[in-house]
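Examination of the molecular architecture
The chain contents come next:
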Amino acid sequence: MHISNLFNRKKAVISFEIFPPKPDYPIETIYKTLEKLKDLSPDFISVTYGAGGSNRERTVEIASTVKNKYDIECLSHLTCVCSSQADIDIVLDDLKRNNIENVLALRGDIPQGYDANEAFMEYQYAANLISHIKAKTDFCIAAAAYPEGHIESNDLDKDIEYLKQKVDVGVDFLITQLFFDNALFYSFREKVLKADITVPISIGIMPVLNVNQIKRITTLCGAAIPTKLAHIMAKYGDHKDDFEKAGIEYASSQVEDLLHNNVDGIHLYTMNKSKQIKQIMHHCGLVT
Ligand code: FAD
């Protein structure tokens, strides 16, 4: 089924993101997590993809298991950096053969050991990949959106202009980068509507469970840390269990507020953890 159809109903669409275990870890570890995540009845699950195609067989294998064994709709991520059209077509064919109908089309970041000239030889931006998928297939296509602007961009208006170009070439719905301050999203939503971007937007939420994780994430994506979260970091930085509890409460209150403000969907970055995701779902009344 095309995931875009799920957004036609009144309720927010609830989804989870998982990533394939590294090649030296047994793939079964993710299936143990999936067993537990499926009990939370998500509307769909997305599976990340290693930029440049690293670990790509595992993405397809896990996506196929989500869809064909667990009978949960699946969104398979796909990046175009360091990839030729032939590479992309191989993955798309593989996904099709495995009954996957939804793709999150991304540019990806340049992997170590490549320079920009090699990395962007055939596809420079996600929009190029989206045009390619749209022209050759009937996949439902999702793309990434950045409420605080993409880390490489220092002009949010320009970033939204590029987002509009991306949507216009064939995007069915968007998923946002994580953020910790809902006010930033509400202001982004207004700007996006003004730019005539009307596709549904699902909100990416990452529960922060320890202080190192939040430091790593903010370095990678540049998300702003609101005062309330900074207090949690200062107060519980050295207390693992208390930090995790406060992080789960923080994410839960973010989700509750977003639902109250009628967002189209919530996409929980699970980090392959089920216990904490279950707690957030309970807290927000999304599961009994
Ligand atoms: P684009 O939309 O191409 O944008 C990249 C940059 O180029 C932006 O700064 C934009 O402003 C600029 N730009 C766009 N068009 C133009 C133009 N015409 N002219 C000039 N500048 C332009 N990465 C992975 O490797 N694997 C994953 O599975 C993965 N999943 C993700 C899921 C989500 C929900 C999100 C938000 C990100 C994910 N990423 C993943 C990270 C993503 O690959 C990076 O953020 C990457 O840097 C940008 O990808 P994009 O598709 O947003 O790029």
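This section reports on the structure supplied with the text. (Residues numbered from 1 in each chain as written. Predicted model: local features only at pLDDT ≥ 70, side-chain atom pairs only at ≥ 80, totals over all residues. Heavy atoms only, no water.)

Here we look at the pairing of strand S8 (residues 265-269)
Burial runs high along S8: 5 of the 5 residues are buried. Burial of S8 is two-sided: the residues Gly265, His267 and Tyr269 facing one way and the residues Ile266 and Leu268 facing the other way are all buried. Pairing of strand S1 (residues 13-18) with S8, which is carried by 5 bridges, proceeds in the parallel orientation. Pairing of Ser15 across the sheet is with His267, part of S8. Inspection of the sheet shows strand S7 (residues 201-205) paired to S8 by 4 bridges, in the parallel sense. (Buried < 20%, exposed > 50% of the residue type's maximum accessible area, 1.4 Å probe, protein only. Helix = DSSP H or I, 4+ residues; strand = E, 2+ residues; numbered from the N terminus. Pairing = 2+ DSSP bridges.)

A look at the site of the ligand
In the vicinity of the ligand, 24 residues are found, and the nearest of them are Tyr49, Asp109, Tyr146, Asp159 and Lys166. Within the backbone of Tyr49, an N or O atom sits 2.7 Å from a nitrogen atom of the ligand. Here His77 contributes a side-chain N or O atom positioned 2.9 Å from an oxygen atom of the ligand. Compared with its free state, where it exposes 980 Å², the ligand has 84% of that area covered by protein. Residue assignment for the shell around the ligand shows that the elements contributing at least two residues are strand S3 (73-79), strand S4 (102-106) and helix H6 (156-168). Here the shell around the ligand takes 4 residues from H6, the largest share from any one element. Considering only residue class, the shell around the ligand consists of 11 nonpolar, 8 polar and 5 charged. (Near = heavy atom within 4 Å. Polar contact = N/O pair within 3.5 Å; in protein donor to acceptor, adjacent residues only side chain to side chain. Areas by Shrake-Rupley, 256 points an atom, 1.4 Å probe, with all protein chains shown as cover. Nonpolar A, V, L, I, M, F, W, Y, C, P; charged D, E, K, R; others polar.)

Section: the packing of helix H1 (residues 28-38) against helix H2 (residues 56-69)
With their axes 11 Å apart at the nearest point, H1 and H2 run at an angle of 30° to one another. What the angle tells us is that H1 and H2 run roughly parallel. As for how H1 packs across H2, the hand of that crossing is right-handed. Facing H1, whose interface residues are Ile30, Tyr31, Leu34 and Glu35, H2 presents Glu61, Ile62, Thr65, Val66 and Lys69. (Axes fitted to C-alpha atoms, helices over the stretch in contact; angles between N-to-C directions. Parallel < 35°, antiparallel > 145°, perpendicular 65-115°, else oblique. Left-handed = near helix turned anticlockwise from the far one by under 90°. Contact = heavy atoms within 4.5 Å.)

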